[in-house]
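# Observations on the three-dimensional arrangement
Chain by chain, the residues:
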Amino acid sequence: MRAWRPDTVYHAAAYKHVPLVEHNPVEGVRNNSLGTLMAAQVAMECQVRRFVLVSTDKAVRPTNIMGASKRLAELALQGLAQQPSGTCFSMVRFGNVLGSSGSVVPLFRRQIEAGGPITLTHADITRYFMTIPEAAQLVIQAGAMAQGGDVFVLDMGEPVRIIDLARRLVELSGRTVRDESAPDGDIELRITGLRPGEKLYEELLIGDNAMQTTHSRVMKAHEPCPPADELWRQFAMLGAILDRNDVPALKHALAQMLPGYQPHAEVVDWVHLERHSANAVLLQDVDSDSNAIVGGEVLLDGSPRVVGAALVA
């Protein structure tokens, strides 16, 4: 930014794969939330006129770390917008983009070409979709309307049942779906079960107070944000938790910072699970009388691990 001095920054960089971030929550939040805050602060220093965050419908009442991290990124910009500066911050929230990296459509096409099966996590799961040109044009137009701290929501139309999308793709390929009514069909649709943090359906608004803008497909939401001083205190606490790599405390902090956050019940972070497994093996090999267990967990050196003590207090 210092070298090129851009007039507008569209910040779309993020870890967006829900299961990947659920298994790596510390790095997901560090990159998606604190990374956004850092990029926005540099934009202020470089006097960038407009900074537009490309957000997601998963930020609304998130059930996964990825969605929570994107809502934190929105809050970071809302906090910066409370401070006087020459940079206008805004966010544009929308759903899935057809044909983009990680989109379900290319995956289904590859599975069809391989002869199936097409894998679906749930028969009733729905998602919002728009095309790449639609998304790009609406993000640019929404960002141009911003006045500072705005949360824009794009009109995504009606949600699509993923199983219906899969059936259409099979039919468009000239094949037939194999199911109970057509056991001799070409392509099986296999239900694999919801993954950690995955929702059956997505929402675009936290509240019901969206306002129409001058563009028919762009709405403006009024999302709550704490005063800047309180918000930065929370972010400082969050940074300390990330430095400790304390996943249970991270989930507790997210629940405090994000009303409506409903985390997946289990911690599925791979590093946390490996440490927990190593501790369990160690406990089998030591004299139980020589160790005091606090909260069901003992560290490798025998000292108790107090989860999220600073937050619980």
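Residues numbered from 1 in each chain as written. Predicted model: local features only at pLDDT ≥ 70, side-chain atom pairs only at ≥ 80, totals over all residues. Heavy atoms only, no water.

## Quick notes on the overall build of the chain
Summing up its helical and strand segments, the chain has 10 helices and 13 strands in all. Across the 313 residues that make up the chain, the buried fraction comes to 43%. Sequence separation of 24 or more characterises 75% of the internal contacts of the chain that already satisfy a separation of 6 or more. Put simply, the chain shows about 15800 Å² of open surface, and 55% of that area lies on carbon and sulfur atoms. (Helix = DSSP H or I, 4+ residues; strand = E, 2+ residues; numbered from the N terminus. Buried < 20%, exposed > 50% of the residue type's maximum accessible area, 1.4 Å probe, protein only. Contact = heavy atoms within 4.5 Å. Areas by Shrake-Rupley, 256 points an atom, 1.4 Å probe, with all protein chains shown as cover.)

## Thoughts on the confidence of the model for the chain
Per-chain confidence: the chain averages 84 in pLDDT, with 85% of residues scoring 70 or above. Note on residues 289-313: pLDDT is under 50 here. Beyond four places in sequence and across chains, it has 41 contacts. (pLDDT = per-residue confidence, 0-100.)

## Some points on the pattern of salt bridges
In total, this model carries 19 salt bridges according to the counting rule given. One salt bridge connects Arg-93 with Glu-223, and the closest N-O pair in it is separated by 2.8 Å. In this pair, Arg-93 sits in strand 3 (residues 88-94) while Glu-223 sits in the loop between strand 13 (218-221) and helix 7 (228-244), placing the two residues 130 residues apart along the sequence. Classification of Glu-223 by relative accessible area gives buried; the value is 9%. (Salt bridge = Lys/Arg side-chain N within 4 Å of Asp/Glu carboxyl O.)

## Examining the layout of surface pockets
For the largest pocket, the calculated volume is near 1200 Å³. Together, 40 residues line the largest pocket, and Lys-16, Lys-58, Asn-96, Gly-102 and Ser-103 are the ones closest to its centre. Only helix 1 (18-23), strand 2 (50-56), helix 3 (65-81), strand 4 (96-97), helix 4 (104-113) and strand 5 (118-120) provide two or more residues apiece to the lining of the largest pocket. Looking at which element gives the most residues to the lining of the largest pocket, the answer is helix 4, with four residues. Of the residues in the lining of the largest pocket, the class split is 16 nonpolar, 14 polar and 10 charged. (1 Å grid on protein atoms, 1.4 Å probe; cavity = no way out; pocket = protein on both sides within 12 Å on 5 of 7 lines; lining within 4 Å. Points joined across faces, edges and corners; volume = space filled by probe spheres on them. Nonpolar A, V, L, I, M, F, W, Y, C, P; charged D, E, K, R; others polar.)

## A word on helix 5 (residues 132-145)
Helix length check: helix 5, at 14 residues, gives a terminal C-alpha distance of 20 Å against a target of 20 Å (1.5 Å per residue), a fit within 8%. What helix 5 keeps buried is the set Ala-135, Leu-138, Val-139, Ala-142 and Gly-143. Seen from one end, helix 5 has its buried residues packed into an arc of 130°, which puts them on one side. (Expected span 1.5 Å × (residues − 1). Arc of directions from axis to C-beta.)

## A closer look at the sheet that holds strand 13
Strand order across the open sheet formed by six strands is 1-2-3-8-13-12, with mixed pairing between neighbours. Edge positions in the open sheet fall to strand 1 (8-11) and strand 12 (211-212), since each of these has one partner strand only. The pairing of strand 2 with strand 3 spans seven bridges and is classified as parallel. By the bridge assignment for strand 3, Arg-50 is matched with Cys-88. (Pairing = 2+ DSSP bridges.)

## Concerning the pairing of strand 8 (residues 150-154)
The element strand 8 is largely enclosed, with a buried count of five among its five residues. Residues Asp-150, Phe-152 and Leu-154 of strand 8 are buried on one face, and the alternating residues Val-151 and Val-153, pointing to the opposite face, are buried as well. When strand 3 meets strand 8, the two strands line up parallel, connected through four bridges. Following the sheet pairing, Ser-90 is matched in strand 8 by Asp-150. Here strand 8 pairs with strand 13 via four bridges, running antiparallel. Each residue of the ladder has a partner; that of Val-153, found in strand 13, is Met-219.

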